[in-house]
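Structure at a glance
So you can see what is in the structure, the chains are spelled out below.
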Number of protein chains: 2
Amino acid sequence: MTGAGSAMPRVFFDDDERHALTGEQALVLAELAASVRELIASVVLTDAETAEVAAVAREVDALTRRLAVARRTAPPVTEVDASGVIRQPGSPVTGELNPIAPPIVISLSPDGAARAEFTLSAVYEGPPGFVHGGVSAMILDHLSGSAAAANGTPGMTAGLDLRYRRPTPHGVPLSAEARTVRVDGRKTFVESRIIGPDGEVTTEATGVFVMPVRVDGS
Amino acid sequence: MTGAGSAMPRVFFDDDERHALTGEQALVLAELAASVRELIASVVLTDAETAEVAAVAREVDALTRRLAVARRTAPPVTEVDASGVIRQPGSPVTGELNPIAPPIVISLSPDGAARAEFTLSAVYEGPPGFVHGGVSAMILDHLSGSAAAANGTPGMTAGLDLRYRRPTPHGVPLSAEARTVRVDGRKTFVESRIIGPDGEVTTEATGVFVMPVRVDGS
């Protein structure tokens, strides 16, 4: 189920007392998340001396305490746009404020397709040299949810059928696309794929998204 | 495709010149990754002043530089065990050295099942209050690959068919299990599920894993 594709009842937000961010907050937090993304890659690849690694860990702990002096109870949201799509800057896939997100930047085209171009680092490695298949699944789930939303029929993932055609390399430019192919009542069917640097499809999926029944009666 | 379930040809390792870690290195790096995991959660949830956030970002950059003085070209591996399963401490799902991994600890039982118990933080949030469906997919892919390997028939993911039954909450104890149900030639079929705190299945999957043909002639 994707954030981008979820027209969730507003009651979730009221209960969680989620705060919107100011533009300045969003900008500075995005810069922090980008810095932590680089730190994560360095942690996975470092060959520094163990004493230095231990010293860095203690400094990381100190930075964590500085950020924790004021803590939200839930990741920030920025807005629910006119089409009912929630902007989630804390998303683990697309969130510019979430250090674990690559982050994938999704563009919606006038023909209703969702597309993204990205490069995944060794942080997302499964088999040596290749992207973890679960990471590919996560990206296609989110992109497909965005395509369903772009189609005007946002929903939560009910099913995702993935076919892995060939390994997806990391460290090279990749692209992905998703397109709504059919709507049947509350169900939206979306086809998606990841394309490698040679233009060949590495992973493809069929997703089914179901529009939730709104609990606030609207 | 999962690391745990991939009996990759040894040639990958020779080409990449991957280094094994000493026990001390693995321990200290795991402590660093655990610290960075806490930092990530603080980044996603912090409500600190913007000037403080910007100052912390600069200090994170300095720590990244300290770790980057000696850098591997690929995430470390520890060993290939007797059954041909690669231990990948840098895995984005199970890797104790990878800050983006929860990390999921998988136990293999004598009956050939793979099981895990874990709690996912708000860092993995999709819809407000719930785990991103793509994160659930990633966990089931990896767990299923482990079950195929435990069955003595390790392979790379060829297909993963996910059914989302109900939202998976974050911040509460979850469990997951996977079991090989059939082997047909080079194909291994695995059923898996994530179970919520109330004992109900939230997400289930059927995976097909294919044993790669070894390119080193063995």
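These lines cover the structure that appears in this document, whether it is placed above or below. (Residues numbered from 1 in each chain as written. Chains lettered and ligands numbered in written order. Predicted model: local features only at pLDDT ≥ 70, side-chain atom pairs only at ≥ 80, totals over all residues. Heavy atoms only, no water.)

1. Considering the overall build of chain A
Counting its secondary structure elements, chain A contains four helices and eight strands. Residues classed as buried in chain A amount to 57% of the 218 residues present. Taking the intrachain contacts of chain A between residues at least 6 apart in sequence as the baseline, contacts between residues at least 24 apart amount to 64%. Carbon and sulfur atoms make up 52% of the accessible area of chain A, which amounts to about 8500 Å² in all. (Helix = DSSP H or I, 4+ residues; strand = E, 2+ residues; numbered from the N terminus. Buried < 20%, exposed > 50% of the residue type's maximum accessible area, 1.4 Å probe, protein only. Contact = heavy atoms within 4.5 Å. Areas by Shrake-Rupley, 256 points an atom, 1.4 Å probe, with all protein chains shown as cover.)

2. Quick word on the packing of aromatic side chains
Scanning the model with the defined rule gives zero aromatic pairs over all chains in all. In this arrangement the basic side chain of Arg182(B) is found over the ring face of Phe189(B), its NZ or CZ atom lying 4.1 Å from the centre. (Phe/Tyr/Trp six-rings, centres within 6.5 Å; stacked < 30°, edge-to-face > 60°. Lys NZ or Arg CZ within 6 Å of the ring centre and 35° of its normal.)

3. What about the packing of helix α4 (residues 133-150) of chain A against helix α4 (residues 133-150) of chain B?
Any two packed helices are characterised by how steeply their axes cross, that is the angle between the axes, and by the distance between the axes. Across the interface, α4(A) lies against α4(B) with an axial gap of 8 Å and an inter-helix angle of 155°. The angle between α4(A) and α4(B) falls in the class roughly antiparallel. With respect to the hand of their crossing, α4(A) and α4(B) are arranged in right-handed fashion. Contacts between α4(A) and α4(B) involve Gly133(A), Gly134(A), Val135(A), Ala137(A), Met138(A) and Asp141(A) from the former and Gly133(B), Gly134(B), Val135(B), Ala137(B), Met138(B) and Asp141(B) from the latter. In the contact of α4(A) with α4(B), the residues fall into six nonpolar, four polar and two charged. (Axes fitted to C-alpha atoms, helices over the stretch in contact; angles between N-to-C directions. Parallel < 35°, antiparallel > 145°, perpendicular 65-115°, else oblique. Left-handed = near helix turned anticlockwise from the far one by under 90°. Nonpolar A, V, L, I, M, F, W, Y, C, P; charged D, E, K, R; others polar.)

4. Focus on the pairing of strand β7 (residues 187-195) of chain A
Look at any regular strand and the pattern is simple: side chains alternate between the two faces of the sheet. Residues and elements named next belong to chain A. Bridge count for strand β6 (residues 173-184) against β7 is nine bridges, and the pairing is antiparallel. When the sheet's bridge partners are listed, Val183 is paired in β7 with Thr188. Taken together, β6 and the strand that follows it, β7, pair antiparallel across an intervening segment of two residues, in which Gly185 is found at a positive phi of about 65°. Inspection of the sheet shows β7 paired to strand β8 (residues 201-210) by nine bridges, in the antiparallel sense. Pairing of Ser192 across the sheet is with Ala205, part of β8. (Pairing = 2+ DSSP bridges.)

5. Quick word on the interface of chain A and chain B
The partner chain B presents 88 residues to the 88 residues of chain A that form the contact. Regarding the contact of chain A and chain B, the summed buried area is about 7700 Å², with carbon and sulfur atoms giving 66% of it. Between the two partners, chain A and chain B, sit six salt bridges. The interface formed by chain A and chain B contains 34 residue pairs in polar contact (both at pLDDT 80 or more). Put simply, the parts of the chain that give the side of chain A that touches chain B at least two residues each are α1 (11-16), α2 (23-45), α3 (50-67), α4 and β5 (156-164) of chain A. At 16 residues, α2(A) tops the list of elements feeding residues into the side of chain A that touches chain B. In the side of chain A that touches chain B, the residues fall into 51 nonpolar, 22 polar and 15 charged. As defined by bridge partners, β5(A) adjoins strand β5 (residues 156-164) of chain B across five bridges and the pair is classed as antiparallel. Its bridge partner being in β5(B), Leu160(A) is matched across the sheet by Leu162(B). (Buried area = accessible area lost by both parts, 1.4 Å probe. Salt bridge = Lys/Arg side-chain N within 4 Å of Asp/Glu carboxyl O. Polar contact = N/O pair within 3.5 Å; in protein donor to acceptor, adjacent residues only side chain to side chain.)

6. Quick word on the packing of α3(A) against helix α3 (residues 50-67) of chain B
Two numbers describe how α3(A) lies on α3(B): the axes approach to 10 Å, and their chain directions differ by 170°. What the angle tells us is that α3(A) and α3(B) run roughly antiparallel. Here α3(A) contributes Glu52(A), Val53(A), Ala55(A), Val56(A), Glu59(A), Val60(A), Leu63(A), Arg66(A) and Leu67(A) to the contact with α3(B), which in turn contributes Glu52(B), Val53(B), Ala55(B), Val56(B), Glu59(B), Val60(B), Leu63(B), Arg66(B) and Leu67(B). Broken down by class, the residue content of the contact of α3(A) with α3(B) amounts to 12 nonpolar, no polar and six charged.

7. Side note on the pattern of salt bridges
Two side chains with opposite charge may pair up if their charged atoms get near one another. Enumeration over the complete set of coordinates arrives at 18 salt bridges over all chains. Measuring nitrogen to oxygen at the nearest pair gives 3.1 Å for the salt bridge that ties Asp47(A) to Arg72(B). Placement of Asp47(A) in the loop between α2 and α3 and of Arg72(B) in the loop between α3 and β1 (79-80) is noted, with the two residues assigned to different chains. Asp47(A) sits in the partly exposed class, given a relative accessible area of 32%. Since its relative accessible area comes to 9%, Arg72(B) is described here as buried. A salt bridge links Arg115(B) to Glu177(B); the nearest nitrogen and oxygen atoms lie 3.8 Å apart. Placement of Arg115(B) in strand β4 (residues 113-119) and of Glu177(B) in strand β6 (residues 173-184) is noted, with a sequence separation of 62 residues between them. The partly exposed category is assigned to Arg115(B), whose relative accessible area is 31%. By relative accessible area, which is 26% here, Glu177(B) ends up partly exposed. Several salt bridges share partner residues, and in doing so they unite Glu52(A), Glu59(A) and Arg66(B) into one network.

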